[in-house]
Amino acid sequence: MYQLAPNIELLFTESGDYHDRVRAAAAAGFTAVEMWGPTGVDAPAKPKDLPALKAALVETGTQLTAQLSEPRTQFMIPPKDHSEFYRKLDEGVGIAHDLGCPRIVVGSGTGFGGAKRQTQLDELVEIYRKAIAQIEGSGITLALEPVNIRVDHPGALLDRTSEAVYVARGVDSPFFGVLYDIYHSAVEGEDMAAELANGGDLVKYVQLADTPGRGEPGSGSLDWPGTLETLRASGYDGPIGLEYYPTQESVASVALIRELAASA
């Protein structure tokens, strides 16, 4: 049985603010949630009241499984200055500790213009080696997410699971790995079984949505019983983030994936 973590940016929005969404998710039977940036710095129209969010998590006994790094990871040239990433990383770790969140999701941004792809990947290895050294002893895991460039993130450097695996192997830390997003991988036309056979040992977190459309499982064309069977066969037994745009009311949208995850 997989633990499912609804994304409170997208699900249970009918209930109000973020802390109210935590309570709604708990009332619907979920023991975990995930979110994007912890303060909403990248979405100023939706700032987060962190004390209220913490109170809701504690009150309901809900686990916050993942939060994004802030600001959204954007390594690029010019100016090739990563000081803000490292500065904010410490703040993010502090917030993660306060909220009981074990992992922070990071990315690649658009990369380093003019450099060969292999050079750029090696530069990411060095960036994240330094990041892991900086937060050593924190107990927080950094999960590197490749994203699709065909629909949602045109221009992103890291769009292949295998390349995220390459970076993770280069960083070589038990506190650094890959976020495998089933939706992004499917949009890029990857073979899920092959990708997980290559790098499943480095997967630290999983997210999902159906495709096309990025809606809830059942709204698109993915074979969800088969998908969960493949995931289980890879050895992954951690939480799964429900990061989709629901096409119906939140509780109804989770029905299929809850049923399948209960026996996966």
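All residue numbers refer to positions counted from 1 along the written sequence of the respective chain. Given that the model is predicted, a residue must reach a pLDDT of at least 70 before its local features are reported, and side-chain atom pairs must reach 80 or more before they are shown or counted; all residues, however, enter totals for whole chains, interfaces and linings. Side-chain descriptors were evaluated using all non-hydrogen atoms of the structure, hydrogens and water having been removed beforehand.

A few points about the sheet that holds strand β4 (residues 67-68)
Then, in step 1: With respect to topology, seven strands assemble into an open sheet ordered β1-β11-β10-β9-β8-β6-β4, the strand pairing being parallel. Both edges of this open sheet fall to β1 (4-6) and β4, since each of them pairs with a single strand only.
Then, in step 2: The criterion for strand pairing is that DSSP finds at least two bridges linking the strands in question. Helix and strand definitions follow DSSP, with helices as H or I runs of at least four residues and strands as E runs of at least two, each counted in order from the N terminus. Here β4 pairs with strand β6 (residues 103-106) via two bridges, running parallel. Opposite Leu68, over in β6, you have Val105 as the bridge partner.

Let's talk about the layout of surface pockets
Then, in step 1: The rule is simple: put a 1 Å grid over the protein atoms alone, call a set of points where a 1.4 Å probe fits but cannot get out a cavity, call an open set with protein on both sides within 12 Å along at least five of seven lines a pocket, and count a residue as lining if it has an atom within 4 Å of a point. Grid points are joined across faces, edges and corners, and a volume is the space filled by probe spheres set on the points. Taken as a whole, the largest pocket encloses approximately 280 Å³ of empty space.
Then, in step 2: As for the largest pocket, its lining consists of 18 residues, and the residues nearest its centre are Arg72, Thr73, Gln74, Gly109 and Val147.
Then, in step 3: For the lining of the largest pocket, the residue count by class is seven nonpolar, nine polar and two charged. Basically, the charged four are Asp, Glu, Lys and Arg, the nonpolar ten are Ala, Val, Leu, Ile, Met, Phe, Trp, Tyr, Cys and Pro, and anything else, Gly included, counts as polar.

A short note on helix α3 (residues 83-99)
Then, in step 1: Every helix has an expected span of 1.5 Å times one less than the residues it contains. Across its 17 residues, α3 extends 25 Å between first and last C-alpha, which sits within 8% of the 24 Å expected from 1.5 Å per residue.
Then, in step 2: Exposure categories follow from relative accessible area, calculated using a 1.4 Å probe and restricted to protein chains: below 20% of the type maximum is buried, above 50% is exposed, and the middle band is partly exposed. Considered for burial, the residues of α3 that qualify are Phe85, Tyr86, Lys88, Leu89, Gly92, Val93, Ile95, Ala96 and Leu99.
Then, in step 3: As for α3, its buried residues are in contact with α2 (50-60), β3 (63-64), β4, β6, α4 (117-134) and β8 (141-144).
Then, in step 4: Where α3 terminates, the next one or two residues include Gly100, which has phi positive at roughly 75 degrees. Contacts are residue-level and defined by heavy atoms, with any inter-residue pair within 4.5 Å sufficient.

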